[in-house]
Amino acid sequence: MNVKEFKIVNFSLEVESAKKKLKIKVTLIGDGSVGKTSLIQKFTQGTFQTDYIKTIGAQLTNYKTEIDGYRIELIFWDIAGQDDFHFLRPSFYRASKAAIIVYSLEENNLGKRSFEHITKWYQDVKQFCGEIPVALFANKVDLVNVESLDREKIQNLVKELNLVGYYVTSAKTGQGLDEAYNALIKKIRR
Ligand code: G3D
Ligand code: MG
């Protein structure tokens, strides 16, 4: 993988109940400009705190929510740097319990290439994380006609790579976001 292409976002997920406490780290990856940072910003809109770690160029976003009576704390790691941090790659993948590969539905080069690169990102996850659940986010749905989506093409890839599923999202309108994250959190918790 070209280092300049390499972008990664992490978040830890802490699930807490009277008896149970789980800490789960999830990694968001995908080509540049597909919307990883925007997806986190939209999802955590309103109730979040941010903190910037200069030394590693990471933006940390902390978000608290409740699902099915579980208190859940999400810590998103969004790495801003592109050229200088590829040595950090193993540590950002390390101990991930799930991954989300993001691509863009845009009908242009970015959309086309980001779809073609899904398999490369998947191999990266396998290499660094082994057998963990991986979901696919087809982002920027607001820019295309939902009716004309080639769902068979997406579904075939989901099958081929044995992904847990795909979610059609828009970081701009928020479409599909709650469903996607909630479904994912439930899958991870199981
Ligand atoms: P990245 O973190 O994966 O690199 P960003 O991607 O979140 O920085 O998003 C890249 C650009 O795409 C941004 O536009 C952002 O506003 C836009 N974008 C992200 N998600 C969506 C979406 O769902 N719909 C639309 N229409 N745009 C989206 P700019 O202009 O700031 O570069
Ligand atoms: Mg980003």
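Everything here concerns the structure above.
We now turn to the structure provided with this report. (Residues numbered from 1 in each chain as written. Chains lettered and ligands numbered in written order. Predicted model: local features only at pLDDT ≥ 70, side-chain atom pairs only at ≥ 80, totals over all residues. Heavy atoms only, no water.)

Looking at ligand 1, there are 15 residues lining it, with S33, K36, S38, D142 and A171 nearest. G35 is positioned with one of its backbone polar atoms (N or O) 3.0 Å from an oxygen atom of ligand 1. Between S170 and ligand 1, the recorded distance is 3.4 Å, taken from a side-chain N or O atom to an oxygen atom. In the complex, 61% of the free accessible area of ligand 1, which totals 650 Å², lies under the protein chains. (Near = heavy atom within 4 Å. Polar contact = N/O pair within 3.5 Å; in protein donor to acceptor, adjacent residues only side chain to side chain. Areas by Shrake-Rupley, 256 points an atom, 1.4 Å probe, with all protein chains shown as cover.)

Once that is clear, we can look at the nonpolar core. Of all hydrophobic cores here, the largest spans 26 residues; its most connected members are I101, Y103, L105, I118, V125, V134 and L136. The biggest single contributor to this core is helix α4 (residues 118-129), with five residues. Counting 25 residues, the second largest nonpolar core, distinct from the first, contains V26, Y63, I67 and L177. (Core = buried A, V, L, I, M, F, W, Y, C linked by side-chain atoms within 4.5 Å. Buried < 20%, exposed > 50% of the residue type's maximum accessible area, 1.4 Å probe, protein only. Helix = DSSP H or I, 4+ residues; strand = E, 2+ residues; numbered from the N terminus.)

Moving on, we get to the pattern of salt bridges. Scanning the model with the defined rule gives three salt bridges in all. The partner of E106 in a salt bridge is K140, with the nearest N and O atoms 3.1 Å apart. With E106 in the loop between β6 (98-104) and α3 (109-116) and K140 in the loop between β7 (134-139) and α5 (151-160), this pair connects stretches of sequence that are 34 residues apart. One exposure class covers both E106 and K140, and it is buried. (Salt bridge = Lys/Arg side-chain N within 4 Å of Asp/Glu carboxyl O.)

Once rolled over the atoms, a probe with the size of a water molecule shows which space is left empty. A volume near 280 Å³ is recorded for the largest pocket. In terms of lining, the largest pocket is formed by 16 residues, of which the most central are Y103, L105, E106, E107 and K153. Elements with a minimum of two residues in the lining of the largest pocket: β6, α3 and α5. The greatest single-element share of the lining of the largest pocket, amounting to four residues, is contributed by α3. Each residue belonging to the lining of the largest pocket can be placed in one class, and the counts come to six nonpolar, four polar and six charged. (1 Å grid on protein atoms, 1.4 Å probe; cavity = no way out; pocket = protein on both sides within 12 Å on 5 of 7 lines; lining within 4 Å. Points joined across faces, edges and corners; volume = space filled by probe spheres on them. Nonpolar A, V, L, I, M, F, W, Y, C, P; charged D, E, K, R; others polar.)

Let us look at the pairing of β6. Among the seven residues that make up β6, seven are buried, leaving the element largely enclosed by the rest of the structure. Both faces of β6 are covered, namely the face carrying A98, I100, V102 and S104 and the face carrying A99, I101 and Y103. Sheet topology note: the β6/β7 ladder contains six bridges and is parallel. Along β7, the bridge assignment pairs V102 with F137. (Pairing = 2+ DSSP bridges.)

This part takes up the pairing of strand β8 (residues 165-168). Neither face of β8 is exposed, since G165 and Y167 on one face and Y166 and V168 on the opposite face are all buried. The sheet contact formed by β7 and β8 spans four bridges and is parallel. By the bridge assignment, A138 is partnered in β8 with V168. In this fold, β7 hands off to α5, which returns the chain to β8; that crossover is right-handed. (Right-handed = clockwise from strand over helix to strand, strands pointing away.)

Our next topic: the packing of aromatic side chains. For the structure shown, the criterion picks out two aromatic pairs. With 5.1 Å between their ring centres and 65 degrees between their planes, Y103 and F115 make a pair best called edge-to-face. With Y103 in strand β6 and F115 in helix α3, this pair connects stretches of sequence that are twelve residues apart. Across the pair, exposure class does not vary: Y103 and F115 are buried alike. Judged by centre distance (5.9 Å) and plane angle (80 degrees), the ring pair of F137 and Y167 falls under edge-to-face. With F137 in strand β7 and Y167 in strand β8, this pair connects stretches of sequence that are 30 residues apart. Its end group placed over the ring of F115, K153 keeps NZ or CZ at 4.3 Å from the ring centre. (Phe/Tyr/Trp six-rings, centres within 6.5 Å; stacked < 30°, edge-to-face > 60°. Lys NZ or Arg CZ within 6 Å of the ring centre and 35° of its normal.)

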